[in-house]
Amino acid sequence: MIVLGIESSCDETGLAVYDSDRGLLAHALHSQISLHDEYGGVVPELASRDHIRRITPLLRDVLDRSGTTLGDLDAIAYTRGPGLAGALLVGAGVAASLAYGLDIPAIGIHHLEGHLLSPLLAPDRPAFPFVALLVSGGHTQLMRVDGVGEYTLLGETVDDAAGEAFDKTAKFLGLPYPGGPALSALAERGHPGKFRFPRPMIASGDLDFSFSGLKTAVVTACREIRLNEQARADVAHAFQEAVSDVLAVKCTAALTSTGLTDLVVAGGVGANRRLRAVLAQRARTEGFRLFYPPLELCTDNGAMIALAGALRLARLSGGPATAARGFSVKPRWDLASVGTMADS
Ligand code: KG4
Ligand code: ZN
C-alpha cells in the first residue's frame, strides 16, 4: 500500500510517500522558522498562509523524488489534530480533495500518534508493547503502547511542555526561535556545576511532570548575576541538566511500573543530545532498550503521518474504505481517545 502523508499542524509543511512493502520512499519538508523568527513564536495566520503556498510544490517534489505519480497512491493520511485550526485545515483540505479526486480514502491521524510510531521508521525498530516518551513543543507525555491505537496515558505535564520550557527559557536568554536547538548549542559551552536548578516533581511518586517552575527558577537566578556570555551558557547547561534528569527518572519509573523494557523517545526534544546521553546512561545501568526515530524525523514531518496512516489502514479488514466527502480537524484531541479504528 502506498500512502501520501501530509503534516501541517504547526510551523512545518511536511509531505511524504510511504510504501508498506518498501518503507519510506521520500519526504519533503518546509520549515517556517524564519517566517516566525521576528515574532518569537508561531503566528497562526501566517502559518496557515504559508502552508497554502508550500503544499502543492512540496507534493510535486515528493512524488518526483519517490518515483510515484498521483495514480500510484492507495490512500492519503493527514494530521487531523491537535494543532492550529487554520494550519490543520490546509492539510486536511488538500488531503480530502485529492482523495476525492482520486477516489481513494483519506485518513485523519493524531499528530502525537505520528510521533509515537515514528521510531518504526528507523532501522532499529521497537516491538509492541513499549513505553513512549512524547516530548514536543506542546506535549510531554508518557504512554504505554500496546499496539497501533492502543495507547494508555501513564503521566503528563501539569503545566508547560518540556519543549515549551526550552523555548521560553531560550527566549529569556535572548536566543532565536525555536529555542530548543539554540539553547542546547549554548549549553555545550556551559561549565557544569555553576548553577543548579530544581528537578520539579522528580520525587512526586507519579509519572507527571512540571516545567513552569524551572523557567521561573532560571529567571530568578539570572536576576542575581551579571548575565554575560559565559553565564548564559552556564545557565543553559544547568537548565538542560535539570530537564534531562527529570525526563530520565520518570521514564525509568514508567518502565518499572509497567514491567516493560523498551523505551521509545519521540518529538522535537527527543533530538536533544544531552537528553539522549542521560537516557543512554540509564539504559545501561537499568537494563532497558532505547529507540528513536531517525534524527531528521524527530521534529514534525510528513513521514510519520504517512506511516501511521499505512499502519491504521492495514488493520482494517476488507482493505481501506472509499473516499469520504467531508473532513474536519480537531485542534484539541486527546491521544488516549483515538482507539484502533480509522478516523477520516
Ligand atoms: O515535535 P516538534 O517538532 O513540534 C511539536 O509538535 O511541538 O517539537 C518542537 C519542539 C520545540 O519546542 C523545540 O524547541 C524542541 O522541540 N526541540 C528541541 C531540540 N530540537 C527541537 N529541544 C531541545 N533540544 C533540541 N535539540
Ligand atoms: Zn510534533
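Residues numbered from 1 in each chain as written. Chains lettered and ligands numbered in written order. Predicted model: local features only at pLDDT ≥ 70, side-chain atom pairs only at ≥ 80, totals over all residues. Heavy atoms only, no water.

**Describing the overall build of the protein**
Helices and strands together make up the secondary structure of the protein, namely 10 helices and 10 strands. The globule rule puts the C-alpha radius of gyration for 344 residues at 20 Å, and the 20 Å found for the protein is close to it. The principal-axis extent of the C-alpha atoms belonging to the protein is close to 65 × 45 × 30 Å. Scored against the burial criterion, the 344 residues of the protein give a buried share of 54%. Working note: accessible area of the protein is about 14,000 Å², and carbon and sulfur atoms make up 52% of it. Considering the protein, the positive charge centre built from 31 side chains and the negative charge centre built from 37 side chains are found 4 Å apart. (Helix = DSSP H or I, 4+ residues; strand = E, 2+ residues; numbered from the N terminus. Rg over C-alpha atoms; globule rule 2.2 N^0.38 Å. Buried < 20%, exposed > 50% of the residue type's maximum accessible area, 1.4 Å probe, protein only. Areas by Shrake-Rupley, 256 points an atom, 1.4 Å probe, with all protein chains shown as cover. Lys, Arg positive; Asp, Glu negative; His and termini not counted. Charge placed at Lys NZ, Arg CZ, Asp CG, Glu CD.)

**Brief notes about the packing of aromatic side chains**
By the definition in use, this model includes four aromatic pairs. Ring centres 5.4 Å apart and planes at 15 degrees place the aromatic pair Phe 128 and Phe 130 in the stacked group. Judged by relative accessible area, which is 1%, Phe 130 ranks as buried. Aromatic pair Phe 195 and Phe 197: ring centres 6.1 Å apart, planes at 15 degrees, arrangement stacked. Taking the ring centre of Trp 333 as reference, the NZ or CZ of Arg 80 above it sits at 5.9 Å. Arg 276 extends its terminal NZ or CZ atom over the ring of Tyr 292, reaching a point 3.8 Å from the ring centre. (Phe/Tyr/Trp six-rings, centres within 6.5 Å; stacked < 30°, edge-to-face > 60°. Lys NZ or Arg CZ within 6 Å of the ring centre and 35° of its normal.)

**Topic: the sheet that holds strand β3 (residues 23–31)**
Across a sheet, paired strands are connected by hydrogen bonds in the backbone, their directions being either parallel or antiparallel. Strand order across the open sheet formed by five strands is β3-β2-β1-β4-β5, with mixed pairing between neighbours. Each having just a single partner strand, β3 and β5 (106–110) make up the two edges of the open sheet. Each adjacent strand pair in this sheet contributes to an overall mean axis angle of 20 degrees, direction not counted. With eight bridges connecting them, strand β2 (residues 12–19) and β3 associate as antiparallel partners. By the bridge assignment for β3, Ala 16 is matched with His 27. Of the strands in this sheet, β1 (2–7), β2 and β3 are in contact with helix α2 (residues 44–66), which crosses β3 at around 150 degrees. Along the sheet, helix α3 (residues 85–102) makes contact with β1, β4 (75–81) and β5, crossing β4 at roughly 155 degrees. (Pairing = 2+ DSSP bridges. Axes fitted to C-alpha atoms, helices over the stretch in contact; angles between N-to-C directions. Contact = heavy atoms within 4.5 Å.)

**Overview of the coordination of the zinc ion (ligand 2)**
Six octahedral donors around a metal ideally make angles of 90 or 180 degrees; four tetrahedral donors ideally make 109.5 degrees. Taken together, His 111 (NE2), His 115 (NE2) and Asp 300 (OD) make up the protein donors of the zinc ion (ligand 2), found 2.0 to 2.1 Å from the metal. Binding-site remark: the zinc ion (ligand 2) is held by donors from one chain whose sequence spacing is H-x3-H-x184-D. One end of the pair, His 111, is in helix α4 (residues 111–117); the other, Asp 300, is in the loop between β10 (289–291) and α10 (303–315), with 189 residues separating them in the sequence. For the pair His 111 and Asp 300, one class covers both residues: buried. (Donors = N, O, S within 2.8 Å, 3.2 Å for Na, K, Ca; no water.)

**A closer look at the domain arrangement of the protein**
Domain parsing of the protein yields domain 1 (2–116 + 298–337) and domain 2 (127–292). Here the C-alpha centroids of domain 1 and domain 2 sit 27 Å apart. In total, domain 1 and domain 2 occlude about 1,700 Å² of area from one another, counting both sides; carbon and sulfur atoms represent 68% of this. Taken together, the links from domain 1 to domain 2 amount to zero salt bridges. Applying the counting criterion to the domain 1 and domain 2 interface returns four residue pairs in polar contact (both at pLDDT 80 or more). When residues of the side of domain 1 that touches domain 2 are traced back to their parent elements, those giving at least two are α1 (33–37), α4 and α10. Counting residues per element, the side of domain 1 that touches domain 2 draws most heavily on α4, at four residues. Class assignment for the residues of the side of domain 1 that touches domain 2 results in 10 nonpolar, five polar and five charged. (Domains from an automatic or database assignment. Buried area = accessible area lost by both parts, 1.4 Å probe. Salt bridge = Lys/Arg side-chain N within 4 Å of Asp/Glu carboxyl O. Polar contact = N/O pair within 3.5 Å; in protein donor to acceptor, adjacent residues only side chain to side chain. Nonpolar A, V, L, I, M, F, W, Y, C, P; charged D, E, K, R; others polar.)

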